[in-house]
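Structure assessment
Each chain, written out:
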2 protein chains.
Amino acid sequence: MNDQELLGPLIAPNTTKLVLVVLDGVGGMPIDGVSELEGAKAPNLSLLAAGSACGLQVPVAYGITPGSGPGHLGIFGYDPLEWEIGRGVLEALGLGIHLTGNDIAVRCNYATAVREGTRVIIKDRRAGRIPTDHSAKITGMLQEQIRQIDDAQVILLPGMEHRFALVLRFPSLLDEGAGAIEDTDPQKEGLEPVAPSPSNAAARHVAGIALGFVERAARILKDQETANYVLLRGFSSVPRIPRFNEVYGLKSLAIATYPMYLGLAKLIGMDTLKVSGGISEEIRALGENYDRYDFFYVHIKKTDSNGEDGNFRGKCRVIEEFDAALPGILSLGPDVLVITGDHSTPALIKGHSWHPVPVLLKSRYVFGKTSSAFTERECLKGELGILHSTDIMPLMLANGMRLKKFGA
Amino acid sequence: MNDQELLGPLIAPNTTKLVLVVLDGVGGMPIDGVSELEGAKAPNLSLLAAGSACGLQVPVAYGITPGSGPGHLGIFGYDPLEWEIGRGVLEALGLGIHLTGNDIAVRCNYATAVREGTRVIIKDRRAGRIPTDHSAKITGMLQEQIRQIDDAQVILLPGMEHRFALVLRFPSLLDEGAGAIEDTDPQKEGLEPVAPSPSNAAARHVAGIALGFVERAARILKDQETANYVLLRGFSSVPRIPRFNEVYGLKSLAIATYPMYLGLAKLIGMDTLKVSGGISEEIRALGENYDRYDFFYVHIKKTDSNGEDGNFRGKCRVIEEFDAALPGILSLGPDVLVITGDHSTPALIKGHSWHPVPVLLKSRYVFGKTSSAFTERECLKGELGILHSTDIMPLMLANGMRLKKFGA
């Protein structure tokens, strides 16, 4: 029995407020002996940790480095080994489109390519992270000229910087597996792009249309200085996943600045709120909507971005910025507050990693006094121990007095 | 999904070197307040532990005392509840024979028996641990006189001290379950040997042949002073188990002094190297082969032997001997070094036990500074927490940067 099946009959109504803050990629690694969380000056977090249940959560399994999808699914209580969500679907949902079983969604990058003889070589997989407004302009240009390929309607959604999403909308329901197509992104600069190759018969037709899109886009973009090529990643169709609010008996709101995280929340049926700005704007939005929901997922992105860039001090500063904003959450007096990450993104590794992620849970029903700070090594001493990410939702519900007794 | 299925699509090539040292039965229990690991003077291990990820690993499950087979399988990432390898198969493989599905392998002991009226009583289950050369001589004598029983070819393989292996080679593929035959070893001195009793229909024919072997051997050995009887243990057929190198994308070498551990490594497809001598010879062999493989399993036996004998100080001395040899491993600069045991063998218990086993993992990607020594109680403070033995391989691969990200 997975956790959600166990919880189903135990869900009890209540009016308690539950807040889950996800500091994306917050877990780090020591450089010169201290990790990002250890190096940041975060007195509010330290004080909170000292009075909270602390621990470390394993997003998927020991040694497994999660993508953002599995990282978030686990925290939301969905076994990431059972539920797989393609990145294309996440990206497209986050850009505000409603997807159905007729759709294949693809996450795309503008890239910089050069021609060497007959070969196309990718020089920059992100086209120098072109500004979002320029990206939107050329996405509009592509959309104007590519509206249909074969029987697929082509829908383009502008994203942030070099990113956009492609949705191929077919006239009828697709076979499961129709999205099983390899990325065209060669993953490293200096290599040729890969042809979109189907992994099964159902995907073959879709792959042909995807190749057509790449070729037509390349022709249209050929005179662009940097964004003169497109890379397609994360081909995916829409999974049938239980809805968060129904599973847990909660009315939930997701607050984020980045599309993908709102897309993930939409997929499981949360209401979503896109916030412009940074951490303090997100916390203000939390306050403004506090009476209207009982569960809040607040996503903070820049911890991960700095980790990915190998910017140790930058990541520390984001933690410090969150620390300064933390009283704004505490002043709302949530019955249950959880702070964790969806995975670790150590600046040392410049990417996601497999390391367990610090987690703290504050409620009336914790022991506390085990951990002097919200750091990897202090959380290791905490009363939650090393737990699985999917244990977090049951703990939040329990601490919110929203679970009945199991068995007589 | 088990760990190996999860890992399959994530395996990434790399040139990193992974070294796994198994100190057999290293986990202990306090006598006069300190365990063997706590009593041993092991400054190099302590220093290493201080800079490593430490933890305790549960070989099979809480409370379950593993044999050497399950203990090792778990460390190698094979769920010991899914894969069962008979001790006879291990022993025979370790003695250098190639087994097929036509074979039943049995681990045998020479024993000392006395006749009391019509009863045979086992006075020494190991025939005083007779010297290996004498054992080889009488094994040759038996083989000369017993070549065939019914339709089974009889193959005898001399082992160390009182041990030898029996392979019954049938003309055709055996049913699964044909090796399900009870040990004839009464487990305690002063008892009668047990008849080889089949657990199912397929095993009945094999059991009859085994009984014939015991009776013929007893007649041939009746004038021997100590080794005048044989005890049969671990009847087993060959399981179909995935190959280590294919599962993990590694080229692996097993280094050991005892046959059974090489046999286990062979079964999962490792190359094997039998070393004569002790710990320093094994580490020298590691150095000599360091360029030719990327994964090394180094098995050190005597920690277990001393534990089995209840020799607390002897076990401490083996730990100290390993500690003195440790710099020889460190000087190779492995990207990932794991030191653990396949199970605990506390001198207090004089046998294997269920206690979780200390584990340390050294790589660039650990926190460290949690544990001041490689002991049960210090490892408990470590960042690995209490984990399952099957988590070790994923962690070694992750720390060796040999796993791709899971999900988008």
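Residues numbered from 1 in each chain as written. Chains lettered and ligands numbered in written order. Predicted model: local features only at pLDDT ≥ 70, side-chain atom pairs only at ≥ 80, totals over all residues.

Side note on the overall build of chain A
The secondary structure content of chain A amounts to 14 helices and 14 strands. For chain A, the C-alpha atoms occupy an extent of roughly 65 × 50 × 40 Å along the three principal directions. Taking all 408 residues of chain A together, 56% fall into the buried category. Sequence-distant contacts, at least 24 apart, represent 71% of the contacts inside chain A between residues at least 6 apart. (Helix = DSSP H or I, 4+ residues; strand = E, 2+ residues; numbered from the N terminus. Buried ≥ 20, exposed ≤ 12 C-beta atoms within 10 Å, placed from the backbone. Contact = placed C-beta atoms within 7 Å.)

Some words on the domain arrangement of chain A
Frequently, the measure chosen for interface size is the accessible area removed from exposure when the parts meet. Residues and elements named next belong to chain A. Entries for chain A in the domain assignment read domain 1 (3-84 + 242-399) and domain 2 (91-236). Counting residues at the interface gives seven residues for domain 1 and seven residues for domain 2. Of the residues in the side of domain 1 that touches domain 2, the class split is five nonpolar, one polar and one charged. (Domains from an automatic or database assignment. Nonpolar A, V, L, I, M, F, W, Y, C, P; charged D, E, K, R; others polar.)

What to know about the relation of the copies chain B and chain A
Mapping chain B onto chain A calls for a rotation angle of 123° and an axial translation of 0.1 Å; the resulting RMSD is 0.3 Å. In the structure described here, the two chain copies are related by an operation that fits a three-fold rotation axis. The share of interface residues of chain B whose copies in chain A are also at the interface is only 5%, consistent with the copies meeting through different surfaces. (Least-squares fit on C-alpha atoms with pLDDT ≥ 70 in both.)

Quick word on the sheet that holds strand S9 (residues 252-256) of chain B
Residue and element names in this part refer to chain B. Here we have eight strands laid out as an open sheet, ordered S10-S9-S11-S1-S12-S13-S2-S14, and mixed in their pairing. For this open sheet the edge positions go to strand S10 (271-274) and strand S14 (385-388), each flanked by a neighbour on one side alone. With strand direction ignored, the average angle separating the axes of adjacent strands in the sheet is 20°. Relative to S14, strand S2 (residues 53-58) runs parallel, the two being bridged by four bridges. Note on S14: the bridge partner recorded for Leu 56 is Ile 386. (Pairing = 2+ DSSP bridges. Axes fitted to C-alpha atoms, helices over the stretch in contact; angles between N-to-C directions.)

Concerning the interface of chain B and chain A
Residue-level contacts link 19 residues of chain B with 28 residues of chain A. At the level of secondary structure, the elements contributing two or more residues to the side of chain B that touches chain A comprise helix H1 (3-7), S14 and helix H14 (392-399) of chain B.

Focus: unusual backbone geometry
Residue and element names in this part refer to chain A. Its identity is not glycine, yet Asp 32 carries a phi of approximately 50°, on the positive side. By secondary structure assignment, the location of Asp 32 is in the loop between strand S1 (18-23) and helix H2 (36-39). Even without glycine at this site, Ala 127 takes up a positive phi of about 45°. Residue placement: Ala 127 occurs in the loop between strand S4 (119-124) and helix H6 (132-145).

Some details on the nonpolar core
Within soluble globular proteins, side chains that are nonpolar tend to cluster in buried spots. Judged by nonpolar contacts, the single largest core of 263 residues is most densely connected at Val338(B) and Leu360(B). Not counting the four nearest positions on each side in its chain, Leu360(B) is found in contact with Leu48(B), Ala49(B), Ser52(B), Ala53(B), Cys54(B), Val338(B), Ile339(B), Phe374(B) and Cys379(B). (Core = buried A, V, L, I, M, F, W, Y, C linked by C-beta atoms within 7 Å.)

A few points about the sheet that holds strand S14 (residues 385-388) of chain A
Hydrogen bonds along the backbone pair up the strands of a sheet, which may run parallel or antiparallel. Residue and element names in this part refer to chain A. The sheet built from eight strands is open, its strands ordered S10-S9-S11-S1-S12-S13-S2-S14 with mixed pairing. At either margin of the open sheet sits one strand with a lone partner, and together these are strand S10 (271-274) and S14. Here the strands of the sheet are splayed against their neighbours by 20° on average, with no regard to which way each runs.

Observations concerning H6(A)
Residues and elements named next belong to chain A. Under the 1.5 Å per step criterion, the end-to-end length of H6 is 20 Å for 14 residues, consistent within 8% with the ideal 20 Å. For H6, every residue scored as buried is listed here: Ser 135, Ile 138, Thr 139 and Leu 142. Projected down its long axis, H6 carries its buried residues within an arc of 110°, all on one side. Every exposed residue of H6 that faces more than 90 degrees away from the buried side is listed here: Asp 133, Gly 140 and Glu 144. Among the structural elements, strand S3 (103-116), strand S6 (152-158), strand S7 (163-169) and helix H7 (201-221) are those in contact with the buried residues of H6. (Expected span 1.5 Å × (residues − 1). Arc of directions from axis to C-beta.)

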